[in-house]
Amino acid sequence: MNANPTRPALPKATPRKEEGSRYVLRLYVAGKSPKSVNAIANLKKMCEENLQGRYELEVIDLYQQPQLAQGEQIIALPTLIRKLPAPLRRIIGDMSNTERVLLGLDIQKKT
Amino acid sequence: MSKLKLAAKSKPAAKVRQKQIARPQLPKAPTGIHGLDEITGGGLPKGRPTLVCGGAGCGKTLLAMEFLVRGATDFNEPGVFMAFEETALDLTKNVASLGFDLKDLVARKKIVLDYVYIERSEIEESGEYDLEGLFIRLGTAIDSIGAKRVVLDTIESLFSGLPNPAILRAELRRLFGWLKDKGVTAIITGERGDGMLTRQGLEEYVSDCVIVLDHRVSEQTSSRRLRVVKYRGSTHGTNEYPFLIDEDGISVLPVTSLALQHIATSERISTGIPRLDAMLGGKGYYRGSSVLVSGTAGTGKSSLAAHFAEAACRRGERVLYFSFEESPSQILRNMNSIGIDLQPWVKKGLLQFHANRPSSAGLETHLALKHKAISAFKPQVVILDPLNSFVIGDNEVGVKAMLMRLLDFLKTEQITGLFTNLTASSGVLEQTEVAISSLIDTWLVLRAIDSGGERNRGLSILKSRGMAHSNQIREFLLTDHGVELRDVYVGASGVLTGSARLTQEAQDQALKMLHEQEIERQQLELANKHQALEAQIVAMRAEFEVQKIASLRITGQEQAQGAQLAQGRLDMGRSRKEDATANKQIRGSK
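Residues numbered from 1 in each chain as written. Chains lettered and ligands numbered in written order. Predicted model: local features only at pLDDT ≥ 70, side-chain atom pairs only at ≥ 80, totals over all residues. Heavy atoms only, no water.

1. Concerning helix α16 (residues 498-576) of chain B
All names here are of chain B.
Item 1. Between its terminal C-alpha atoms α16 stretches 115 Å, which fits the 117 Å expected from 79 residues at 1.5 Å a residue.
Item 2. When we look at burial in α16, the residues that qualify are G498, R501, Q504, L570 and G573.
Item 3. One or two steps after α16, the chain reaches K577, where phi turns positive at roughly 50 degrees. (Helix = DSSP H or I, 4+ residues; strand = E, 2+ residues; numbered from the N terminus. Expected span 1.5 Å × (residues − 1). Buried < 20%, exposed > 50% of the residue type's maximum accessible area, 1.4 Å probe, protein only.)

What follows is the structure, given as structure tokens:
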């Protein structure tokens with residue numbers, strides 16, 4: 001059981017929208033399901049295009065680490081969590097809609 | 001009703017019931033909730049999901065939680081509680097008041113609490129998703145303690161927390177199927193929606209068993225009700241059953257099951273008043289029967305009840321006294337004044353009072369409370385004093401329904417019930433406001449008799465099923481040593497009671513004395529006459545004797561004379577030597 005049943009504590013606030021701020025991203029997936037595979041591919045592509053060199057992406061397979069689902073309050077899969085910069089953001093789905101992902105992560109699209 | 005009661009003998013009835021139970025049944029998971037298992041015939045469908053729905057604050061979460069806790073503690077079936085609305089901490093605190101120690105159960109790996117946090121504003125959707133995360137989470141929790149029971153409270157929150165309802169619906173359908181595959185018995189709660197059982201129509205997916213809870217307020221009093229709307233593959237009670245939430249959790253009252261199969265004993269118990277016992281065929285009430293004492297104000301209804309209570313306590317039986325107008329101490333004091341001391345029985349724990357105003361709760365809740373108190377105390381005698389105070393406004397139908405269920409419950413439990421009912425002085429004596437007279441086995445009517453400038457009490461038996469009983473009105477006296485019953489004076493001048501009866505009786509006494517004296521005098525006279533006659537007879541007999549002797553003497557003389565004459569003639573003949581035939585004459589004269 002989760003000792004602190006509310007949402008996980010937010011990481012300390014860092015200045016947001018600052019050009020060059022680091023993105024710490026976690027993608028939770030369920031094994032090799034089509035949605036998971038798509039999500040990983042879509043996200044990697046988007047990050048390379050928009051956040052080259054200033055992002056950290058960790059892909060976590062919940063089938064391998066199921067206990068993380070509770071701690072991270074995961075319900076839907078795939079779920080992308082923006083740990084940094086604060087505030088915490090969640091994007092669910094196979095990341096096929098790049099616009100929505102960028103909007104969700106609050107990233108200015110490179111023109 | 002009475003016919004059945006008379007005909008029913010204990011053993012065959014019990015056998016019939018056992019036969020009915022012996023049929024093959026769907027496997028069920030007992031909830032451990034008082035009464036719910038009876039309505040559902042053993043519990044919720046085992047290994048299938050059940051939908052529990054109802055409005056806000058009707059007790060869904062509590063029912064689900066009790067199902068889980070009882071499963072973990074009583075049936076060795078660990079459970080997972082997945083909460084979508086309350087945090088684990090809040091839940092633990094909330095149910096602690098019901099005596100459920102969730103912390104301990106969690107520590108002992110009997111229960112897993114998982115709070116699912118969803119905040120719509122933090123979630124963005126990009127493309128298709130599924131609820132695999134929830135499956136993984138639930139699966140992990142179930143496997144971690146080997147759970148057999150699962151509660152999802154309230155899963156519909158997902159609809160407000162996640163986008164794309166179409167995906168959610170598909171996923172929920174998959175979830176319920178998955179729960180079935182897992183073989184866990186699940187409760188899914190849902191908030192009541194417009195025209196539907198739940199807001200999102202969950203009843204379409206969870207259709208093995210649907211239970212609806214309701215919290216209604218009428219006449220400013222609230223009552224909670226439960227109804228099993230649907231139960232696939234099993235019979236179930238379909239009525240609305242009242243239920244209670246108190247310090248022991250939920251209790252549902254399946255007392256509407258009017259099977260009329262109660263066993264009727266022929267055991268008789270004393271009313272506590274010897275003369276009344278005599279009126280009831282010499283033995284008193286039947287055990288397990290319903291007794292109604294009705295009458296106008298101040299006719300001694302409660303006193304009769306107190307007598308009965310005391311008599312029962314003397315036999316060592318337990319008595320539960322529900323009072324709706326007087327406090328226990330007031331009853332004790334008042335009964336003391338007529339020489340009935342109930343205090344020792346209260347101290348001994350044989351007599352228990354439950355005093356509350358009828359308006360303190362709804363009828364159903366009252367019924368539930370009584371049911372509970374009776375189940376806990378297990379009395380042999382229950383007294384309700386008075387019934388009519390339940391009638392507030394125009395709820396007579398409700399009151400009747402409630403009392404009928406209570407009476408039925410008492411009969412099934414073989415508890416003798418004594419109820420008092422105040423009849424309005426303008427009302428008809430042979431009618432109760434609560435209209436339960438037809439359910440009553442023995443009905444005593446107390447009435448005030450106004451005559452000669454005073455008010456006296458009269459008691460009569462209106463009916464008493466299955467026994468010979470007196471048809472006489474008795475005068476009912478409240479003395480300092482309890483109730484006394486006297487014969488009323490029925491004479492040429494009508495029925496007399498009180499001082500009029502006493503006066504009449506004194507007059508009768510005087511008349512009777514005069515009469516007796518007259519008879520004595522006449523008898524004496526007769527005796528005198530007899531003596532005189534006897535004396536006369538003696539005198540006449542003596543006279544007769546005298547005459548008899550005299551007449552004998554005369555006869556004797558005449559015979560002697562005759563003989564002498566004959567002798568004379570013979571002598572004469574001999575001396576004359578008349579002829580040879582004289583010999584014969586000699587022989588004849590000898």
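2. Observations concerning the packing of helix α14 (residues 363-377) of chain B against helix α15 (residues 396-412) of chain B
Residue and element names in this part refer to chain B.
Item 1. Axis separation between α14 and α15 bottoms out at 10 Å; the angle between their running directions is 15 degrees. Judged by the inter-axis angle, α14 sits roughly parallel to α15. Every pair of crossing elements has a handedness; the one defined by α14 and α15 is right-handed. Taking contact as the criterion, the partners of L363, E364, H366, L367, K370, H371, I374 and S375 in α14 are, on α15, G398, V399, M402, R405, L406, F409 and L410.
Item 2. For the contact of α14 with α15, a count of residues per class yields eight nonpolar, four polar and three charged. (Axes fitted to C-alpha atoms, helices over the stretch in contact; angles between N-to-C directions. Parallel < 35°, antiparallel > 145°, perpendicular 65-115°, else oblique. Left-handed = near helix turned anticlockwise from the far one by under 90°. Contact = heavy atoms within 4.5 Å. Nonpolar A, V, L, I, M, F, W, Y, C, P; charged D, E, K, R; others polar.)

3. Details of the confidence of the model for chain B
Residues and elements named next belong to chain B.
Item 1. Chain-level pLDDT for chain B is 84 on average; 89% of the residues reach the 70-or-more range.
Item 2. When mean pLDDT is compared element by element in chain B, strand β4 (residues 79-83) scores highest at 94, while helix α1 (residues 2-7) scores lowest at 44.
Item 3. Considering only residues more than four positions removed or in separate chains, one finds that residues 1-19, a stretch of pLDDT under 50, has 18 contacts. (pLDDT = per-residue confidence, 0-100.)

4. Notes on the sheet that holds strand β15 (residues 290-295) of chain B
All names here are of chain B.
Item 1. Strand order in the open sheet formed by nine strands is β17-β16-β18-β19-β15-β20-β21-β22-β23, with mixed pairing between adjacent strands. The open sheet terminates on both sides in strands that have one partner only, identified here as β17 (351-355) and β23 (482-487). Adjacent strand axes in the sheet meet at a mean angle of 25 degrees when their direction is disregarded.
Item 2. The strands touched by α16 are β21 (454-464), β22 (474-479) and β23; relative to β21, the strand with the most contacts, the crossing angle is about 95 degrees. (Pairing = 2+ DSSP bridges.)

5. Examining unusual backbone geometry
Glycine aside, the phi torsion of most residues is negative, and most peptide linkages are trans.
Item 1. A cis geometry characterises the amide bond from L84 of chain A onward to P85 of chain A, with omega recorded as -10 degrees.
Item 2. Cis geometry is found at the peptide bond from D153 of chain B to T154 of chain B, where omega equals -20 degrees.
Item 3. Tracing the chain through its elements places T154 of chain B in the loop between β7 (149-153) and α8 (157-161).
Item 4. One non-glycine residue, N76 of chain B, adopts positive backbone phi at about 50 degrees.
Item 5. Looking at the secondary structure, you find N76 of chain B in the loop between α4 (60-74) and β4.
Item 6. Owing to a relative accessible area of 56%, N76 of chain B belongs among the exposed residues under this scheme.
Item 7. You will see that N164 of chain B, though not glycine, has its phi angle at about 65 degrees, which is positive.
Item 8. Looking at the element boundaries, N164 of chain B is found in the loop between α8 and α9 (165-182).
Item 9. For N164 of chain B, a relative accessible area of 30% corresponds to the partly exposed category.

6. Observations concerning the nonpolar core
Residues and elements named next belong to chain B.
Item 1. Counting 42 residues, the largest nonpolar core has L152 and L158 as the members making the most contacts within it.
Item 2. Among the elements of the structure, β3 (49-54), β4, α7 (132-145), β7, α8, α9, β8 (185-191) and β9 (209-218) are those that each provide at least two residues to this core.
Item 3. Counting 41 residues, the second largest nonpolar core, distinct from the first, contains L62, M65, V95 and Y115. (Core = buried A, V, L, I, M, F, W, Y, C linked by side-chain atoms within 4.5 Å.)

7. A closer look at the packing of aromatic side chains
Residue and element names in this part refer to chain B.
Item 1. The final tally for this structure, using the stated rule, is three aromatic pairs over all chains.
Item 2. Pairing F135 with W178 gives two aromatic rings, centres 5.2 Å apart and planes at 65 degrees, and the pair type is edge-to-face. One end of the pair, F135, is in helix α7; the other, W178, is in helix α9, and 43 residues separate them in sequence.
Item 3. Seen from their ring centres, Y285 and F308 are 5.0 Å apart, and the 85 degrees between their planes marks the pair as edge-to-face. (Phe/Tyr/Trp six-rings, centres within 6.5 Å; stacked < 30°, edge-to-face > 60°.)

8. Here's the deal with the side chain of K110 of chain B
All names here are of chain B.
Item 1. Within the secondary structure layout, K110 lies in the loop between α6 (102-107) and β5 (111-115).
Item 2. Buried within the structure, K110 lacks any salt-bridge partner; D104 is the closest side chain of opposite charge, at an N-O distance of 9.6 Å.
Item 3. Within the structure, K110 has its side chain in polar contact with the side chain of N76 (distance 3.3 Å).
Item 4. What K110 contacts, discounting residues up to four positions off in sequence, is A72, N76, P78, G79, L105 and I145. (Lys, Arg positive; Asp, Glu negative; His and termini not counted. Salt bridge = Lys/Arg side-chain N within 4 Å of Asp/Glu carboxyl O. Polar contact = N/O pair within 3.5 Å; in protein donor to acceptor, adjacent residues only side chain to side chain.)

9. Quick look at the interface of chain A and chain B
Item 1. Each partner contributes to the interface: chain A provides 29 residues, whereas chain B provides 28 residues.
Item 2. Linking chain A with chain B are two salt bridges, by the criterion used here.
Item 3. Residue K35 of chain A is joined to D130 of chain B by a salt bridge in which the shortest nitrogen-to-oxygen separation is 3.2 Å.
Item 4. Of all elements in the fold, only α2 (68-71), β4 (89-92) and α3 (98-105) of chain A reach the threshold of two or more residues within the side of chain A that touches chain B.
Item 5. For the side of chain A that touches chain B, the element with the most residues is β4 of chain A, which contributes four residues.
Item 6. Residue composition of the side of chain A that touches chain B, by class: 16 nonpolar, seven polar and six charged.

10. A word on the pairing of β7 of chain B
Along a regular strand, successive side chains alternate from one face of the sheet to the other.
Residues and elements named next belong to chain B.
Item 1. The buried count for β7 comes to five of five residues, which makes it a mostly enclosed element.
Item 2. By the alternation rule, side chains of β7 split into R149, V151 and D153 and V150 and L152, which are all buried.
Item 3. One ladder, built from five bridges, connects β4 with β7; its direction is parallel. Across the sheet, residue M82 finds its bridge partner in β7, namely L152.
Item 4. As judged from the four bridges shared by β7 and β8, these two strands associate in the parallel manner. Its bridge partner being in β8, L152 is matched across the sheet by I188.

11. A few points about the environment of I273 of chain B
Item 1. Positionally, I273 of chain B belongs in the loop between β13 (268-269) and α10 (274-279).
Item 2. If we ignore the near neighbours within four places in the chain, the residues touching I273 of chain B are L304, H307, V483 and L485 of chain B.

12. Details of the sheet that holds β8 of chain B
One key point about sheets: their strands pair by backbone hydrogen bonds, in either a parallel or an antiparallel sense.
Residue and element names in this part refer to chain B.
Item 1. Ordered in space as β5-β4-β7-β8-β3-β9-β10-β11-β12, the nine strands form an open sheet in which the pairing is mixed. Of all strands in the sheet, those bounded by a partner on one side alone are β5 and β12 (249-252). Going from strand to strand, the sheet's axes swing by 20 degrees on average, the running direction of each strand aside.
Item 2. Note: β3 against β9, five bridges, orientation parallel. By the bridge assignment, T50 is partnered in β9 with C209.

13. Digging into the environment of E66 of chain B
Residues and elements named next belong to chain B.
Item 1. Its location among the elements puts E66 in helix α4.
Item 2. The spacing of E66 and D248 is 182 residues in sequence and 9.9 Å in space, taken between C-alpha atoms.
Item 3. Among all residues touching E66, those that are not within four sequence positions of it are T31, G32, I33, G71, F100, D248, G249 and I250.
Item 4. Among the polar contacts made by the side chain of E66, one reaches the main-chain amide nitrogen of I250 at a distance of 2.6 Å.

14. Quick look at the pattern of salt bridges
Item 1. For the structure shown, the criterion picks out 31 salt bridges over all chains.
Item 2. Through salt bridges with shared partners, a single ionic network connects R26, E58, E72 and K83 of chain A.

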